[in-house]
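The lines below spell out each chain.
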Amino acid sequence: MEAYDELLRWASKQGIEVHGIEAKRIPGRGIGIVASKDLKANERLIYVPAASLRTLTTVRPEIRKALPPPAPKYKGTSVHALLAAELLLETPTIKKKYAPWHAVVPTRDDILSTLPLAWPTSDHEKLHSLLPYAARAHLTKQKAKFEKDWQLTRDVLLPKLSLSPKGRYSKQEFLYHWLLVNTRTFYHETPATERLTKDDKMALQPVADLLNHSDEGCEVVFDTGCYTISADREYKQGEEVYICYGTHSNDFLMVEYGFCPEENKWDEVCIDEVVLEEMSTARKKWLDGRDFLGKYLIDERNLTGCYRTRVALMLLCTSRGQWERWVDEGEDGGGEVQKMVDRIMVRVLEKYLKRCMEAIEELEGCGPSGEMVLRRWRQIERLVKKSLEELKVEDN
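A brief structural summary. Just so it is clear, the structure is predicted and the values come from calculations on it, not from any experiment.

**Overview of the pattern of salt bridges**
So, step 1. As enumerated under the stated definition, the model contains 33 salt bridges in all.
So, step 2. Note that Arg 233 and Glu 239 form a salt bridge whose closest N and O atoms lie 2.9 Å from each other.
So, step 3. Glu 239 gets classed as partly exposed once you look at its relative accessible area, which sits at 27%.
So, step 4. For the salt bridge of Arg 290 with Asp 328, the shortest nitrogen-to-oxygen distance reads 2.3 Å. Residue Arg 290 is located in the loop between helix H12 (281-289) and strand S12 (297-298), and its partner Asp 328 is located in helix H14 (residues 320-329); the two are separated by 38 residues in the primary sequence.
So, step 5. A residue is classified by how much of its surface remains accessible, and Arg 290, at 26% relative accessible area, is partly exposed.
So, step 6. Relative accessible area serves as the criterion here: at 55%, Asp 328 is assigned to the exposed category.
So, step 7. Via salt bridges that share partners, Arg 54, Arg 60, Glu 62, Glu 86, Glu 90 and Lys 95 belong to a single interconnected network.

Below you can see the structure in the form of C-alpha cells.
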C-alpha cells in the first residue's frame, strides 16, 4: 500500500472525510490530489474537524509553558515557533500517532534543497545575491523571523527541557521543521489566536495539506469547528484538484514555498531598485512623506507601471509643490506629463532589463542549484520586454 493511501485510511479514523478524490504522485510535483471520479462544482471534497488539527492549543503543555506566550504585534513566541518545536520534540507516542502524515510530507532533502532559506551554505550567498529584489527583500524578513524563533528555542526552550542544541535538536533540524510548518499550514483563527497577528493564525491539517497551488482553486471555508474544502468547478476523473495559497507573486511563492509557476495571474515584478536610483535623497524624503516610497510594480494589468509607480515618477517631471497639488487633487498632470513619465519608465525598464540579462547569464553557469532563480529571471525578462513594447507603442 502506498504511503498516501495509508494516510487517507489513517485520516478517516481521525474523523477526516474525503470524497471523490485521492492522493497521487505527480511527476515533477511530488504528491497531489486528483479527482477519483467526475466531480461537480460545489461538491464537498474534504471535511477536517477541528479535533484533527495541530494548532497552538495542541502543542504540549511543557513546550508552551517553557516559552513566553504568543502576544499581539509579534511579541512573545510565535505560533510558528511553537508548532515547529512541537514537531522537533515529538515524543515516540506522538510520532507514532502521526507516522502516516510524516511518511508523505517532504523529506529533509526536499525541503533543504528547494527553499531559499535552507540552501546549502556553499551555494546560498551567490544564489541569494542573484535573487530578484522582491524575493531578496522577502527572504530577509523570513530569515529574521526564523532566527528569532530559533534563538528562543535554543536559549530558552531546550535548556529548560535539559536538551542540547545539537544532533536531532540542532539548528538544521529546527529549520527543517520550521519550514514544514511554513509550507503546510492553513490560516486558522480561534478565540485563542484572534488577538494575534495574521501570521500567528495557523494550523496544520493532514490530507488537506497535500493540495497543490494554483492561482484559482477549490473553496476553503473554516470556522472554529472544522474546515470544509469544496470543488470550485467541475473536474474530470484523474484531473488534479488545487487550492489557491493566496494572491501572491512568483517572488513570494519562490521564497515561501519553493516553486515558481509559469502561469500566475497574480504575478508582478517589483522595480523599486531602478526607480529609486532616479530619485535624489530629497525626493525620496518627499515620497516617503506622502506614502509613495517603494512598492513600484509592473504586471499584466499594469504594463506601463502601477499607480504608485507613475505618481512617483511624476515627481521627476515638475516641482515638489506642483506634484503635491496633483497628489492632493488626484490628477495625473495631463498628457504631456504622462508622456514624460512614459519616457522615464522606458529608461528605467531598459536599465532593469540589462540587469535581468546579466543575472540570467550568471545563473546559466550555476547548474541545477540555480534553475528556479533562472526561471524567475526569465519570467521577469518576458514581462519587462512586454512593458517596454507597450510603452513604446503609446509613445508613438
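**Digging into the pairing of strand S8 (residues 219-222)**
So, step 1. Pairing of S8 with strand S9 (residues 226-230) involves four bridges; the strand directions are antiparallel. Note that in S9 the partner of Val 221 across the bridge is Thr 228.
So, step 2. Hairpin connection between S8 and S9: a loop of three residues separates the two successive antiparallel strands.

**Considerations on the packing of aromatic side chains**
So, step 1. Applying the stated rule across the entire model yields 13 aromatic pairs.
So, step 2. Among the aromatic residues, those joined into a cluster by ring pairs are Phe 146, Trp 150, Phe 174 and Trp 178.
So, step 3. Directly above the ring of Tyr 98 sits Arg 54, whose terminal nitrogen or CZ lies 3.9 Å from the centroid.
So, step 4. Above the face of the Tyr 235 ring, Arg 233 is positioned so that its terminal group lies 3.9 Å from the ring centre.

Rules used throughout
- Residues numbered from 1 in each chain as written.
- Predicted model: local features only at pLDDT ≥ 70, side-chain atom pairs only at ≥ 80, totals over all residues.
- Heavy atoms only, no water.
- Salt bridge = Lys/Arg side-chain N within 4 Å of Asp/Glu carboxyl O.
- Buried < 20%, exposed > 50% of the residue type's maximum accessible area, 1.4 Å probe, protein only.
- Helix = DSSP H or I, 4+ residues; strand = E, 2+ residues; numbered from the N terminus.
- Pairing = 2+ DSSP bridges.
- Phe/Tyr/Trp six-rings, centres within 6.5 Å; stacked < 30°, edge-to-face > 60°.
- Lys NZ or Arg CZ within 6 Å of the ring centre and 35° of its normal.

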